[in-house]
Amino acid sequence: MKLLVTGGAGFIGAAVVRLAVSRGHEVVNVDALTYAACLDNVASVSDSPLYAFEQVDIRDRAGLDTVFAKHKPDAVMHLAAESHVDRSIDGPGDFIETNITGTFNMLEAARKYWMESGKPAHFRFHHISTDEVFGSLPNDPSVQFTEDTPYDPRSPYSASKASSDHLVRAWHETYGLPVVLTNCSNNYGPFHFPEKLIPVIILNALAGKPLPIYGDGSNIRDWLYVEDHADALLLVVEKGAIGRSYNIGGENERTNLELVQTLCAILDKKRPKSNGSYADQITFVTDRPGHDARYAIDPTRIREELGWRPSVTVEEGLAQTVDWYLDNESWWRPLQERHGVGERLGVKA
């Protein structure tokens, strides 16, 4: 296939681009190169004849029309979004403009292209979203998010993503645009921007700085290794049923405190301190407004319909992630210095 991937220089988008090219797909990476994007994330495939890059903002409708006309994709994988909850609390405007208006522009550009191409049966618009649109769960292992869970977003970020999900479904119902949707749990892995929880913990630990945890660390998240997520996304765009949504989870629920303690134990083995443990640096900080208690995904649909399951446990994925950050200071150090993200809490949702 020829895939048009928005946000392909970001964390998840770049993982999709790398994997798609490795599997022989043509990829057009459309990215505005905002603060969280980095073309180094796709350097391993940038010289491939299967890869093309277009620096276009999804808020630029005319620019999107030009990209569609030039590249004529078989499918769209729409990942471009503002995604950091803390930033959405500090400044919600960018989230409304990018995640809602930008998605509207993508849908209209895709619909125009699809109609002018004769409504090809193979075309797909795959919208990638988050489990945060479903709100917060009680601390009960028997209760998880399903594809039918009512939406209950509680931050400007999750509200903007919920809005974009509704737009995608409306364009399918109203105009017949062939769409598929996915909602994922928290991602982690290589190339994760240094303001997010896991890289913040790794890099603060190495620097001897406090390891900040909101509240008492009891908030629970389901952690999904980014390369597993990319594999699931390609499977959905190829084989997912039109109009269907699929929840993608890592089947790895951990409290934030457990997660940080696991990271500290891994670092203690791989880069031991001269005395004590990295866990000694854990610091509890004032909780974030509207901090959801628990997210957990029921992945039954994607497992039973498409045969997908995550390939790694959170402990395996975290060990691989720590190794990557230890080996790639040349990637993360310039980002820290350029954007001043080293001091941000970076606790995603």
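Fair warning: this is a prediction, and the values are worked out from it, not measured in the lab. (Residues numbered from 1 in each chain as written. Predicted model: local features only at pLDDT ≥ 70, side-chain atom pairs only at ≥ 80, totals over all residues. Heavy atoms only, no water.)

Here's the deal with the overall build of the protein chain
So, step 1. Looking only at helices and strands, one finds 11 helices and 12 strands in the protein chain.
So, step 2. In terms of overall dimensions, the protein chain is globule-like: its C-alpha atoms have a radius of gyration of 19 Å, near the 20 Å expected for 349 residues.
So, step 3. Taking the principal axes of the C-alpha coordinates as reference, the protein chain spans close to 65 × 45 × 40 Å.
So, step 4. Classification of the 349 residues of the protein chain by burial places 57% in the buried group.
So, step 5. Residue pairs in contact within the protein chain that sit at least 24 positions apart in sequence constitute 81% of those at least 6 positions apart. (Helix = DSSP H or I, 4+ residues; strand = E, 2+ residues; numbered from the N terminus. Rg over C-alpha atoms; globule rule 2.2 N^0.38 Å. Buried < 20%, exposed > 50% of the residue type's maximum accessible area, 1.4 Å probe, protein only. Contact = heavy atoms within 4.5 Å.)

Some words on the UniProt feature "domain: NAD(P)-binding" (unreviewed entry) in the protein chain
So, step 1. The UniProt feature table records "domain: NAD(P)-binding" (unreviewed entry) at residues 4–320.
So, step 2. Annotated as 40% helix and 17% strand, the span residues 4–320 places its first and last C-alpha atoms 29 Å apart. (UniProt positions renumbered as here; feature names shortened; annotations may be inferred.)

Points about helix H10 (residues 314–327)
So, step 1. A rise of 1.5 Å per residue sets the reference length of H10, with its 14 residues, at 20 Å; its end C-alpha atoms lie 20 Å apart and thus fit the reference within 8%.
So, step 2. Along H10, the residues classified as buried are Val314, Gly317, Leu318, Thr321, Val322, Trp324, Tyr325 and Leu326.
So, step 3. Buried positions along H10 lie against strand S7 (186–188), helix H6 (197–207), strand S9 (220–225), strand S11 (253–255), helix H8 (256–270) and helix H11 (329–339). (Expected span 1.5 Å × (residues − 1).)

Topic: the packing of helix H4 (residues 93–116) against helix H5 (residues 156–175)
So, step 1. Close contact between H4 and H5 brings their axes to 8 Å; oriented N to C, the two are set at 20°. Of the possible angle classes, the one that applies to H4 and H5 is roughly parallel. The interaxial crossing formed by H4 with H5 has right-handed handedness. Contacts between H4 and H5 involve Phe95, Ile96, Asn99, Ile100, Thr103, Phe104, Leu107, Glu108, Arg111 and Trp114 from the first element and Tyr157, Ser160, Lys161, Ser163, Ser164, Leu167, Val168, Trp171 and Tyr175 from the second.
So, step 2. Residues of the contact of H4 with H5, tallied by class, amount to 11 nonpolar, five polar and three charged. (Axes fitted to C-alpha atoms, helices over the stretch in contact; angles between N-to-C directions. Parallel < 35°, antiparallel > 145°, perpendicular 65-115°, else oblique. Left-handed = near helix turned anticlockwise from the far one by under 90°. Nonpolar A, V, L, I, M, F, W, Y, C, P; charged D, E, K, R; others polar.)

Quick look at the packing of aromatic side chains
So, step 1. In this structure the tally under the stated criterion is 16 aromatic pairs.
So, step 2. Each ring, one from Tyr35 and one from Phe193, has its centre 5.3 Å from the other, and the planes form 80°; the classification is edge-to-face. Here Tyr35 is found in the loop between strand S2 (26–30) and strand S3 (51–54), whereas its partner Phe193 is found in the loop between S7 and H6, with 158 residues between them in sequence.
So, step 3. Arranged with centres 6.4 Å apart and planes meeting at 75°, the rings of Phe95 and Tyr157 form a pair that is edge-to-face. Of the two residues, Phe95 is situated in helix H4 and Tyr157 in helix H5; the sequence distance between them amounts to 62 residues.
So, step 4. A residue is classified by how much of its surface remains accessible, and Tyr157, at 5% relative accessible area, is buried.
So, step 5. Here the aromatic cluster, defined as three or more aromatic residues joined through ring pairs, consists of Phe134, Phe145, Tyr151 and Tyr295.
So, step 6. Over the face of the ring belonging to Tyr295 we find Arg221, whose NZ or CZ atom lies 4.0 Å from the ring centre. (Phe/Tyr/Trp six-rings, centres within 6.5 Å; stacked < 30°, edge-to-face > 60°. Lys NZ or Arg CZ within 6 Å of the ring centre and 35° of its normal.)

Things to note about the pattern of salt bridges
So, step 1. What the rule picks out here adds up to 20 salt bridges.
So, step 2. A salt bridge links Asp292 to Arg154; its shortest N-O distance comes to 3.9 Å. Of the two residues, Asp292 is situated in the loop between strand S12 (282–285) and helix H9 (300–306) and Arg154 in the loop between strand S5 (124–130) and H5; the sequence distance between them amounts to 138 residues.
So, step 3. Across the pair Glu329 and Arg333 runs a salt bridge, and its minimum N-O distance is 2.7 Å. (Salt bridge = Lys/Arg side-chain N within 4 Å of Asp/Glu carboxyl O.)

Some remarks on the sheet that holds strand S4 (residues 75–78)
So, step 1. In space, the seven strands of this open sheet follow the order S3-S2-S1-S4-S5-S6-S10, with parallel pairing throughout. Both outer strands of the open sheet, S3 and strand S10 (245–248), are each paired with one neighbouring strand and no more. Ignoring which end each strand starts from, the neighbouring axes of this sheet average 20° apart.
So, step 2. Both S5 and strand S6 (residues 179–184) contribute to a ladder of six bridges, which runs parallel. Along S6, the bridge assignment pairs His126 with Val180.
So, step 3. Contacts from H4 reach strand S1 (2–6), S4 and S5, with the element oriented near 165° to S5. (Pairing = 2+ DSSP bridges.)

Quick look at the side chain of His229
So, step 1. Mapped onto the secondary structure, His229 falls in helix H7 (residues 226–239).
So, step 2. We classify His229 as buried; its relative accessible area is 0%.
So, step 3. The residues touching His229, leaving out its near neighbours within four places in the chain, are Ile12, Ile128, Cys184, Asn187, Leu224 and Ile248.

Description of the pairing of strand S8 (residues 211–214)
So, step 1. What you see with S8 is no split at all: Leu211 and Ile213 on one side and Pro212 and Tyr214 on the other are buried throughout.
So, step 2. Pairing between S8 and S12: four bridges, direction parallel. Paired with Ile213 across the bridge in S12 is Phe284.

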